[in-house]
Amino acid sequence: MDPQTEDSAMPLKNSATYYGPVTRFLHWSVFILFIWQYLSAAIMTHLARDQTLLALMQGDFYNWHKSIGLMLLVLALARLIWRKTTPLPDWAPVLSPAERVFSHWNEVRLYWCMFLLPLSGYLFVMAGGFGVKLFGLYDLPNPIGKQGGLAATMMAAHIVLSYAAVVFIAWHVSIGLQHHWLEKDGFLNRMLPFRRP
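Being a predicted model, the structure only gives us computed values, none of them experimental.

Engineer: Quick question: what am I supposed to make of the side chain of histidine 27 here?
Structural biologist: Tracing the sequence through the fold places histidine 27 in helix α2 (residues 21–46). Residue histidine 27 is classed as buried on the basis of its relative accessible area of 13%. Leave out the neighbours within four places in its chain, and histidine 27 touches Arg79, His172 and Met191.

Next up, the structure:
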């Protein structure tokens, strides 16, 4: 089938040269929510209990952080399923062999972080007896029960993973910006919304 015909017949899927709308939506949704998670974590750990910011109290930020963490877990699963069932574009020709190897290594670790960060956070709040009131509407059942040792372990894992994710994201972003802005090869057009190379 002619590539142009294939693109018009299945517009949601990736082509050989660019990422399709579903891949882009999942990618940017996760990225934006990750930014929110880091911002909300910084706010909720520094905001006094009786203070408000953007009409939200400390407890509200904690609740939204936990709820969006679970949303990220669902999005990560959707991303993995879509990735496994939809062929990826070919490697960008502007990437060197070394950049390809390291990018693959880095992306695998980013996927691990996408799953382990929300899972460790969930286990921490459940084992710590804090619970999750999903978006302030529904108290999720606690299948674990209060376990101090597990809570402490998961809190430490959550913190370590959050710093590791920053390193992996920084590399992921830096290689894209280097190619797109410094080398001016249009590299990011493959993934930027509403763009095609």
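Next comes the rest of the write-up.
Engineer: Hey, could you run me through the nonpolar core in this one?
Structural biologist: In summary, soluble globular proteins display a tendency toward joint burial of nonpolar side chains. Counting residues in each nonpolar core, the largest one holds 17 residues, and the members touching the most others are Val30, Phe34, Leu72, Met114 and Leu117. Element by element, the count of residues in this core is highest for helix α4 (residues 97–127), at six residues.

Engineer: In this structure, what is going on with α2? I would like to understand it.
Structural biologist: Every α-helix carries 3.6 residues per turn, so stepping three or four residues along brings you back to the same face. Counted at 1.5 Å a residue, the expected span for α2 with its 26 residues is 38 Å, and the 38 Å between its end C-alpha atoms agrees. If you follow the buried residues of α2, they end up packed against α3 (58–85), α4 and α5 (148–182).

Engineer: What am I meant to see in the pattern of salt bridges here?
Structural biologist: Side chains that carry opposite charge are capable of pairing whenever their charged atoms lie near each other. One pass over the full model with this rule turns up two salt bridges. Between lysine 133 and aspartate 139 there is a salt bridge, with its nearest N and O atoms 3.4 Å apart.

Engineer: Please clarify how the packing of α2 against α3 should be interpreted in this entry.
Structural biologist: In a pair of packed helices, the angle between the axes and the distance between the axes together describe the arrangement. Contact pair α2 / α3: the axes reach a minimum separation of 9 Å and the direction vectors enclose 155°. It follows that α2 is roughly antiparallel to α3 by the angle criterion. The two elements α2 and α3 meet at a crossing, and its hand is left-handed. For the contact of α2 with α3, the residue count by class is 18 nonpolar, nine polar and one charged.

Engineer: What's the story with the environment of glutamine 37 in this structure? I'm lost.
Structural biologist: For glutamine 37, the position within the fold is in helix α2. Taking the relative accessible area as the measure of exposure, glutamine 37 reaches 9% and is therefore buried. A polar contact is formed between the side chain of glutamine 37 and the side chain of tryptophan 36, at a distance of 3.4 Å.

Engineer: What is the right way to read the confidence of the model for the protein from this model?
Structural biologist: Segments scoring low in pLDDT should not have their predicted coordinates read at a detailed level. Looking at the protein as a whole, its pLDDT mean stands at 90, while 93% of the residues score no less than 70. Ranking the elements of the protein by mean pLDDT puts helix α1 (residues 3–9) last with 45 and α4 first with 97. Low pLDDT (under 50) marks residues 1–10, which in the prediction has four contacts with non-local residues, meaning those over four places away or in another chain.

Engineer: Which parts of the structure should I look at to understand the layout of surface pockets?
Structural biologist: Empty pockets left among the atoms are what a rolling probe the size of a water molecule brings to light. Space inside the largest pocket adds up to approximately 970 Å³. Forming the walls of the largest pocket are 39 residues, and the residues nearest its centre are His27, Arg79, Glu107, His172 and Met191. Listing elements by their share of the lining of the largest pocket, those giving two or more residues are α2, α3, α4 and α5. Among the elements that make up the lining of the largest pocket, the one with the highest residue count is α5 (nine residues). Estimated volume of the second largest pocket: approximately 830 Å³. In this structure, the second largest pocket is lined by 27 residues; those nearest its centre are Ala41, Met44, His65, Gly121 and His158. The biggest single contributor to the lining of the second largest pocket is α2, with seven residues. Here the lining of the second largest pocket is built from residues that sort into 19 nonpolar, seven polar and one charged.

Calculation notes
- Every chain's residues receive numbers from 1 upward, in the order its sequence appears when written.
- Residues qualify for local features only when their pLDDT is at least 70, as the model is predicted, and side-chain atom pairs are given and counted only at 80 or more; totals for whole chains, interfaces and linings, by contrast, use all residues.
- Side-chain numbers here rest on the full set of heavy atoms in the structure, without hydrogens or water.
- Secondary structure elements follow DSSP: runs of H or I of four or more residues count as helices, runs of E of two or more count as strands, with numbering from the N terminus.
- Throughout, exposure labels follow a simple rule: accessible area from a 1.4 Å probe, protein chains only, divided by the maximum for the residue type, with under 20% read as buried, over 50% as exposed, and the rest as partly exposed.
- Contact between two residues is taken to exist if any of their heavy atoms lie within 4.5 Å; hydrogens are not considered.
- Among the buried residues, those of types Ala, Val, Leu, Ile, Met, Phe, Trp, Tyr and Cys that are joined through side-chain atoms within 4.5 Å form a nonpolar core.
- The length a helix should cover is 1.5 Å for every residue beyond the first.
- Here, a salt bridge means any Lys or Arg side-chain nitrogen found within 4 Å of an Asp or Glu carboxyl oxygen.
- A fitted line through C-alpha atoms represents every axis, and for helices the fit uses only the stretch in contact; the resulting angles, taken between N-to-C directions, go from 0 to 180 degrees.
- When an angle is under 35 degrees it counts as roughly parallel; over 145 it counts as roughly antiparallel; between 65 and 115 it counts as roughly perpendicular; any other value is oblique.
- Crossings are assigned a handedness: left-handed for a near helix turned anticlockwise from the far helix by less than a right angle, right-handed for a clockwise turn.
- Under the grouping applied here, Gly and all other residues not named as nonpolar or charged are polar, the nonpolar ones being Ala, Val, Leu, Ile, Met, Phe, Trp, Tyr, Cys and Pro and the charged ones Asp, Glu, Lys and Arg.
- Counting of polar contacts relies on pairs of N or O atoms within 3.5 Å, with two restrictions inside protein: one atom must be capable of donating a hydrogen and the other of accepting it, and residues adjacent in sequence are counted only when both atoms are side-chain atoms.
- By definition, pLDDT measures how confident the predictor is in each residue, and it falls between 0 and 100.
- Grid spacing is 1 Å over the protein atoms alone, the probe is 1.4 Å, and a cavity is where that probe fits but cannot get out, while a pocket is an open set with protein on both sides within 12 Å along at least five of seven lines and lining residues have an atom within 4 Å of a point.
- Grid points are joined across faces, edges and corners, and a volume is the space filled by probe spheres set on the points.

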